[in-house]
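# Coordinate inspection notes
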Amino acid sequence: METRAKSTESQTAQHGGQQIVPTASRGLALRSAALVVRGLRDMARDSNWLIKKVFPGSTPHLAISATGAVSLISPPDHSGSQRVVLYDIERTGPTLALAVPQEAAGPGAGAAAEDFSAAFAWSPSARHLVAAWGAWQPALHILDLHEKMLLGTFGDFKNFPVCLAWSGAGNFFAAASAGGKGASLRLWQVGAAPLPFAQAPTKEMGVPDGFERQTYEAEFGEEGAFGGYGRIAFSPDEKILAGVIEIRGDWADDSIVLADVPALRTQNVYQAQGHITDLTWTPDSRQIIYCAAGQAYTLDVESLAFEALPFGAELCVCHPHLPLCICYSSWLKNSAKGRLFLVDLARQTVFDEYAAEGIVDLRWSVDGSKAYAMTRDGMAYIYEPPLI
């Protein structure tokens, strides 16, 4: 042992005091720690679903990022004021409150903040958040969450956006609004220039080409007329933007417009049955899963052939790589509650069901290893299968 020690000292002296020595891998240690935490968590449950309280109060407006962050309007504090706040589903307590200059000078100043509409869209990396809130100026606000600052505003609007969406690779951004003839579907192409986006959209669509109202105006008034746009989603290959065309009337049938990107020209318009509450693309960009009047369907984007799936749902989101879809139905036969469940799209079978109610958003993690669901009352449902 003594001879070896001397030999090491001699070699160190010959090479200027520098030598290669084995060190522990920090990355491996971090991954190992995560696996240990995951193992301890799995030992404490007998289900693939983990349920936890994330935020207090209740809000109808929230959005989940692919990293498990949640943006929402906070409940009123002791002074009655509210803010856009961020939570991390995996942690406890708020992580950030977002302040926007002149937020009190918005068009709804003086009104109850909980009565304001809000819309959010996370970038694919969850670094940036685009938000609109009735307590702010009528424009889209983009925030850098790494730098914890507002980058600026763009896309001033008259009709509040009902849905905001980034494309999967982050090259495009879209905003959809209702409001009848004043409704619009706007698209921004993300360039090399620094954020925020340009004030005016790259392309904009009003009433889709070829749209026909479903009733005679003289007989039914606004019943069956174009009401605007609802949910929107980019195809994974970023070539098509699908948007819900909302039709006015309780018994009207909504449609789905398929517009090419970035030209935003109408390729096809498909009429569904009932009001459409959500839509999502399969990973191969060939099919859309959509929910209408509580029923789930598949739509082939080339042939426009559709098929009713053997289950009902109001919300749905497809896995980023696999033929899987997580869905939520607010009503389950013979039960007062709804359910969260996974669907094998290849076999059209349902598995991993879990009772839930009040779900307002669903999201897969960026790598598809888990899925998140959030209720309006702050409960998070985390789907963590043993292997996916």
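Before going into details, it helps to say that this report is about the structure given with it. (Residues numbered from 1 in each chain as written. Predicted model: local features only at pLDDT ≥ 70, side-chain atom pairs only at ≥ 80, totals over all residues. Heavy atoms only, no water.)

## Considering the overall build of the chain
Counting its secondary structure elements, the chain contains three helices and 28 strands. Relative to its full complement of 388 residues, the chain shows a buried share of 47%. For the chain, the proportion of contacts with a sequence separation of at least 24, taken over those separated by at least 6, is 44%. (Helix = DSSP H or I, 4+ residues; strand = E, 2+ residues; numbered from the N terminus. Buried < 20%, exposed > 50% of the residue type's maximum accessible area, 1.4 Å probe, protein only. Contact = heavy atoms within 4.5 Å.)

## What about the sheet that holds strand 26 (residues 359–364)?
The strand order 1-28-27-26 describes an open sheet built from four strands, whose pairing is antiparallel. Strands at the two margins of the open sheet, each flanked by one partner only, are strand 1 (49–53) and strand 26. Shown here is a sheet whose adjacent strand axes are inclined to one another by a mean of 20°, direction ignored. Taken together, the five bridges between strand 1 and strand 28 (residues 379–383) define a ladder with antiparallel strand orientation. Following the sheet pairing, Leu-50 is matched in strand 28 by Ile-382. (Pairing = 2+ DSSP bridges. Axes fitted to C-alpha atoms, helices over the stretch in contact; angles between N-to-C directions.)

## Quick look at the packing of aromatic side chains
Tallying each qualifying case throughout the model produces 21 aromatic pairs. Between Phe-157 and Phe-160, the aromatic rings sit 5.5 Å apart at their centres with planes inclined by 80°, giving edge-to-face as the arrangement. Look at Phe-157 and you get buried, because its relative accessible area is 12%. The exposure class of Phe-160 is partly exposed, given its relative accessible area of 22%. Here the aromatic rings of Tyr-354 and Tyr-381 are separated by 6.2 Å at their centres, their planes lie at 65°, and the arrangement is edge-to-face. In this pair, Tyr-354 sits in strand 25 (residues 349–356) while Tyr-381 sits in strand 28, placing the two residues 27 residues apart along the sequence. For Tyr-381, a relative accessible area of 11% gives the class buried. Through a chain of ring-to-ring contacts, the aromatic side chains of Phe-154, Trp-166, Phe-173, Trp-188 and Phe-197 assemble into a single cluster. Of note, Arg-339 hangs over the ring of Phe-341, and the distance from its end group to the ring centre comes to 4.3 Å. (Phe/Tyr/Trp six-rings, centres within 6.5 Å; stacked < 30°, edge-to-face > 60°. Lys NZ or Arg CZ within 6 Å of the ring centre and 35° of its normal.)

## Concerning the nonpolar core
Judged by nonpolar contacts, the single largest core of 21 residues is most densely connected at Leu-185, Leu-187, Tyr-229, Ile-232, Phe-234 and Leu-241. Among the secondary structure elements, those contributing two or more residues to this core are strand 10 (161–166), strand 11 (172–177), strand 12 (185–189), strand 14 (226–234), strand 15 (240–247) and strand 16 (255–260). Once residues lying within four places of it in the same chain are set aside, the contact partners of Leu-187 are Phe-172, Phe-173, Ala-174, Pro-201, Thr-202, Lys-203, Phe-234, Leu-241, Val-261, Pro-262 and Leu-264. Counting residues in hydrophobic clusters, the runner-up holds 20 residues, among them Ala-69, Leu-98, Ala-118 and Leu-143. (Core = buried A, V, L, I, M, F, W, Y, C linked by side-chain atoms within 4.5 Å.)

## Focus: the pairing of strand 28
Of all five residues making up strand 28, four are buried, and the element is well covered by its neighbours. In this structure, strand 27 (residues 371–375) lies alongside strand 28, joined through four bridges in antiparallel fashion. Its bridge partner being in strand 28, Met-374 is matched across the sheet by Ala-380. The antiparallel hairpin formed by strand 27 and strand 28 contains three residues in its connecting segment, where Gly-378 sits at a positive phi of about 90°.

## Side note on the sheet that holds strand 9 (residues 149–154)
One open sheet holds the four strands; their spatial order is 6-7-8-9, and the pairing between them is antiparallel. The two strands at the open ends of the sheet, each matched to only one other strand, are strand 6 (118–122) and strand 9. Direction aside, neighbouring strands of the sheet carry axes that sit 25° apart on average. Pairing of strand 7 (residues 128–133) with strand 8 (residues 140–144) involves four bridges; the strand directions are antiparallel. Paired with Val-130 across the strands is Ile-142, a residue of strand 8.

## What about unusual backbone geometry?
Here the amide bond leading from Val-261 into Pro-262 is cis, since omega sits at 10°, within 30 degrees of zero. Relative to the helices and strands, Pro-262 resides in the loop between strand 16 and strand 17 (266–271). Here Gln-348, not a glycine, exhibits a phi torsion of approximately 55°, which is positive.

## Things to note about the environment of Leu-340
Here Leu-340 lies in strand 24 (residues 338–344). Judged by relative accessible area, Leu-340 falls into the buried class, the value being 0%. Spatially, the C-alpha atoms of Leu-340 and Leu-362 are 9.8 Å apart, while their sequence positions differ by 22 residues. When near neighbours in sequence (up to four residues on either side) are disregarded, Leu-340 contacts Trp-49, Cys-327, Tyr-328, Asp-352, Glu-353, Tyr-354, Ala-356, Ile-359, Leu-362, Ala-373 and Tyr-381.

## Some words on the pairing of strand 22 (residues 315–318)
Side-chain alternation along strand 22 places Leu-315 and Val-317 on one buried face and Cys-316 and Cys-318 on a second face that is also buried. Counting the residues that bridge the hairpin from strand 22 to strand 23 (residues 324–329) gives five residues.

## Looking at the pattern of salt bridges
Overall, the coordinates contain seven salt bridges when judged by the stated rule. For Glu-90, the salt bridge goes to Lys-370, with nearest N and O atoms at 3.1 Å. Linking Glu-90 in the loop between strand 4 (84–88) and strand 5 (94–98) with Lys-370 in the loop between strand 26 and strand 27, this pair joins segments that are 280 residues apart in sequence. Here Glu-90 falls in the partly exposed class, since its relative accessible area comes to 28%. Among the residues examined, Lys-370 registers a relative accessible area of 15% and is labelled buried. With its nearest N and O atoms 2.9 Å apart, the salt bridge here joins Glu-384 to Lys-370. Separated by 14 residues along the polypeptide, Glu-384 in the segment after strand 28 and Lys-370 in the loop between strand 26 and strand 27 bring together distant segments of the chain. For the pair formed by Glu-384 and Lys-370, the shared burial category is buried. (Salt bridge = Lys/Arg side-chain N within 4 Å of Asp/Glu carboxyl O.)

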